[in-house]
Amino acid sequence: GAVVSQHPSRVICKSGTSVKIECRSLDFQATTMFWYRQFPKQSLMLMATSNEGSKATYEQGVEKDKFLINHASLTLSTLTVTSAHPEDSSFYICSLLPGTGAYNEQFFGPGTRLTVL
Amino acid sequence: AQSVSQHNHHVILSEAASLELGCNYSYGGTVNLFWYVQYPGQHLQLLLKYFSGDPLVKGIKGFEAEFIKSKFSFNLRKPSVQWSDTAEYFCAVTLNQAGTALIFGKGTTLSVSS
């Protein structure tokens, strides 16, 4: 299957700082990328969908100004958590959708564990 | 909006017992269906998927799932579980349209005792 990397895998930051998480596809071009958040013992919740070259579409309840998504190229998407607070501590996972066909399978990154002190 | 329901929050089994995890979705249109597994401390791994064709889908590690359209269900089964199957299992659905995201169920924790 396709390989997706996320960096960093873990980050601990102080409250009020910003954190950038990168998501890269290593062996395919992704026209669509998704960002999910997973709280402990809970399911993955979709935060936003981004297509290369256009603005991300955020799910209801997700603050656009707090979670900045940049789909810079067909192989890179970044999520920046601005002015992070302890309640933003979570596991952030990206997934990539290669091509535009309806049958394409999404491929997940290994996730980034964010801890805000 | 479509949703996914997983009825079993926590399932506890002994090794060699049979497993069935329920999954129902609410959407009247054409969907693609998936089961993912997340082992402790690891990332999501695809167990199996259904796009079309034979409603009985076989996946990795001896898992299978059956799509019953009339019941909007996609239950996961394994005839004989192992201790190593202890993990979190997620059912997920996506619309059969290009570029749509996966919608996940809340997950089922499976604990297998040896």
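These numbers were taken from a predicted model, which means no experiment stands behind them.

J.: How would you explain the overall build of chain B if you had to name every residue and give the values?
T.: When helices and strands are tallied, chain B shows zero helices and twelve strands. Beginning at the N terminus, the succession of helices and strands in chain B can be written as β-β-β-β-β-β-β-β-β-β-β-β. Here the C-alpha radius of gyration of chain B, 14 Å, is about what a compact globule of 114 residues would show, namely 13 Å. Along the longest, intermediate and shortest principal axes, the C-alpha atoms of chain B span 40 × 30 × 20 Å. Looking at chain B as a whole, 46% of its 114 residues qualify as buried. Surface exposure of chain B reaches about 5,400 Å², of which carbon and sulfur atoms provide 53%. Positive and negative side-chain charges in chain B, numbering 8 and 7 respectively, have mean positions lying 6 Å apart.

J.: Before we move on, can you summarise the sheet that holds strand E3 (residues 19-25) of chain A with the specific residues and values?
T.: Residue and element names in this part refer to chain A. With antiparallel pairing, the four strands of this open sheet are ordered in space as E1-E3-E8-E7. If you trace the sheet from one side to the other, it starts and ends with strand E1 (4-7) and strand E7 (67-73), each paired once. Within the sheet, the average angular offset between the axes of one strand and its neighbour, ignoring direction, is 15°. Bridge count for E3 against strand E8 (residues 76-81) is six bridges, and the pairing is antiparallel. Bridge pairing in E8 places Glu-22 opposite Thr-78.

J.: Give a description of the side chain of Arg-37 of chain A that names residues and reports values.
T.: Residue and element names in this part refer to chain A. By secondary structure assignment, the location of Arg-37 is in strand E4 (residues 30-38). Within the buried core, Arg-37 has no salt-bridge partner, and the shortest N-O distance to an opposite charge, that of Asp-88, equals 4.7 Å. Residues contacting Arg-37, with those up to four places away along its chain left out, are Ser-43, Leu-44, Met-45, Met-47, Phe-67, Ser-90, Phe-91 and Tyr-92.

Criteria and thresholds
Residues numbered from 1 in each chain as written. Chains lettered and ligands numbered in written order. Predicted model: local features only at pLDDT ≥ 70, side-chain atom pairs only at ≥ 80, totals over all residues. Heavy atoms only, no water. Helix = DSSP H or I, 4+ residues; strand = E, 2+ residues; numbered from the N terminus. Rg over C-alpha atoms; globule rule 2.2 N^0.38 Å. Buried < 20%, exposed > 50% of the residue type's maximum accessible area, 1.4 Å probe, protein only. Areas by Shrake-Rupley, 256 points an atom, 1.4 Å probe, with all protein chains shown as cover. Lys, Arg positive; Asp, Glu negative; His and termini not counted. Charge placed at Lys NZ, Arg CZ, Asp CG, Glu CD. Pairing = 2+ DSSP bridges. Axes fitted to C-alpha atoms, helices over the stretch in contact; angles between N-to-C directions. Salt bridge = Lys/Arg side-chain N within 4 Å of Asp/Glu carboxyl O. Contact = heavy atoms within 4.5 Å.

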